[in-house]
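Observations on the model geometry
As a plain string of letters, each chain reads:
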Amino acid sequence: MEVKSKINANAIDRRSLLKNGLAFGGLATVSSFITVSSAGASGAKVNMQLGWLASNGILGEVVAKRMGFYSEEGIELDVTPGGPGVDGVASVAAGRAGVGQLSSSPSLMLARSAGIPIKAFAAGYQKHPFTYFSLSDNPVRTPSDMIGKTIATQPTAMILLRALLAKNGIAEDQVEAVNMGSDMNQLMTGQVQAVTGWQTNTNALKILGDKRVDMMLWDAGIQLYANVYYTTDDMLANHSDVLQRFLTGSARGWGYTRNNPEEAVDHLVSEYINLDRESELEAINPVLDFSFNEVTSAEGWGAMNMENWQSQIDTYEQLDQFQGATPTIDDVMTSEILEATETIRKQVG
């Protein structure tokens with residue numbers, strides 16, 4: 001893969017990625033964090049700090065807050081918007097926040113390898129929305145269609161392109177990779193044959209119109225989770241009841257969102273008046289498609305698969321991406337909170 005921005009196993013500044021919560025391809029949409037404090041004998045005050053501006057990635061949480069689902073679980077939820085300078089992983093690891101939500105699962109694996117004691121306990125999106133977008137007059141429908149073409153992607157997502165090519169037996173020098181700008185201009189002007197982004201970002205994708213062709217990273221063999229809920233080993237050991245009540249409230253919120261999507265959007269834009277109602281209504285179906293599928297039908301909202309995590313670990317190990325020791329499944333995820341909330345999660349799954 002000829003890369004104009006130096007793509008190799010060490011091209012990613014891991015420290016920078018962890019700092020910004022972007023170890024998965026610069027794809028951060030929302031990172032949210034929780035601080036536990038006293039709120040009555042059986043209550044817990046939970047501060048949900050967003051690593052980025054509020055978006056439809058927290059629809060279920062907004063609904064749960066506004067519908068009173070959290071308060072019924074003894075959780076008092078506050079949401080604090082974040083920004084590029086918010087170091088979410090550090091906040092959780094240092095105990096300034098009790099729970100976090102990473103945009104992409106590799107961020108957690110890299111952090112754990114670096115010695116940060118955090119662990120996933122649920123997955124908001126069952127499939128990652130990261131996608132390669134092309135146009136029908138020169139489409140990229142399969143990984144082999146990338147051969148001989150120029151692909152634009154975010155600098156921190158270059159590792160994902162390397163993983164995709166390796167997974168599909170394509171030599172890196174058969175593809176030219178360049179840094180992607182902030183919009184779809186490189187694709188629309190013919191400078192590149194594919195660009196990357198999230199399928200839930202419907203506003204950015206409008207310009208592609210009916211010529212748009214999608215190839216999801218998931219379908220190309222790199223199957224990652226998005227909107228991963230995580231916490232520290234200490235929180236799991238000492239405050240699992242708070243995690244269970246929080247996840248119960250979130251599950252109820254996402255279940256209500258699934259059954260009442262338009263009302264859920266109304267809650268979102270009422271809570272965050274900078275968001276556009278029509279745009280959010282266009283995005284709600286993709287958001288729900290990534291949140292609910294055949295896995296959640298069987299195992300409940302928020303489910304995670306151990307084999308999936310192992311595959312991710314193996315891929316990143318093969319590409320020499322771990323700063324320290326290769327993490328184990330037990331290092332990066334736990335089923336404890338999922339098992340404790342199984343009944344409600346299956347009801348809404």
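Residues numbered from 1 in each chain as written. Predicted model: local features only at pLDDT ≥ 70, side-chain atom pairs only at ≥ 80, totals over all residues. Heavy atoms only, no water.

**Here we look at the pattern of salt bridges**
- Per the stated rule, a full pass over the model turns up 13 salt bridges.
- A salt bridge links Glu271 to Lys65; the shortest N-O distance between them is 3.2 Å. Here Glu271 is found in helix α11 (residues 261-271), whereas its partner Lys65 is found in helix α2 (residues 59-67), with 206 residues between them in sequence.
- Asp233 is paired through a salt bridge with Arg112; the nearest N and O atoms lie 2.9 Å apart. One end of the pair, Asp233, is in helix α9 (residues 233-238); the other, Arg112, is in helix α5 (residues 105-113), and 121 residues separate them in sequence.
- What emerges from the salt-bridge pattern is a single network uniting Glu262, Asp266, Arg277 and Glu278. (Salt bridge = Lys/Arg side-chain N within 4 Å of Asp/Glu carboxyl O. Helix = DSSP H or I, 4+ residues; strand = E, 2+ residues; numbered from the N terminus.)

**Details of the sheet that holds strand β12 (residues 212-216)**
- Strand order across the open sheet formed by 3 strands is β11-β8-β12, with antiparallel pairing between neighbours. In the strand order of this sheet, the two ends are held by β11 (195-198) and β12, each with one partner. Taken over all neighbouring pairs, the strand axes of this sheet differ in orientation by 40° on average, direction set aside.
- Summarising the sheet, strand β8 (residues 130-135) and β11 pair through 4 bridges and their orientation is antiparallel. When the sheet's bridge partners are listed, Phe133 is paired in β11 with Val195. (Pairing = 2+ DSSP bridges. Axes fitted to C-alpha atoms, helices over the stretch in contact; angles between N-to-C directions.)

**A short note on the packing of α11 against helix α12 (residues 277-291)**
- Packing of α11 against α12 leaves a shortest axis separation of 10 Å and a crossing angle of 125°. The pairing of α11 with α12 is recorded here as oblique in orientation. The interaxial crossing formed by α11 with α12 has right-handed handedness. Along its contact with α11, which presents Pro261, Glu262, Val265, Asp266, Leu268 and Val269, the element α12 presents Arg277, Glu280, Leu281, Ile284 and Leu288.
- Among the residues making up the contact of α11 with α12, the classes are represented as 7 nonpolar, no polar and 4 charged. (Parallel < 35°, antiparallel > 145°, perpendicular 65-115°, else oblique. Left-handed = near helix turned anticlockwise from the far one by under 90°. Contact = heavy atoms within 4.5 Å. Nonpolar A, V, L, I, M, F, W, Y, C, P; charged D, E, K, R; others polar.)

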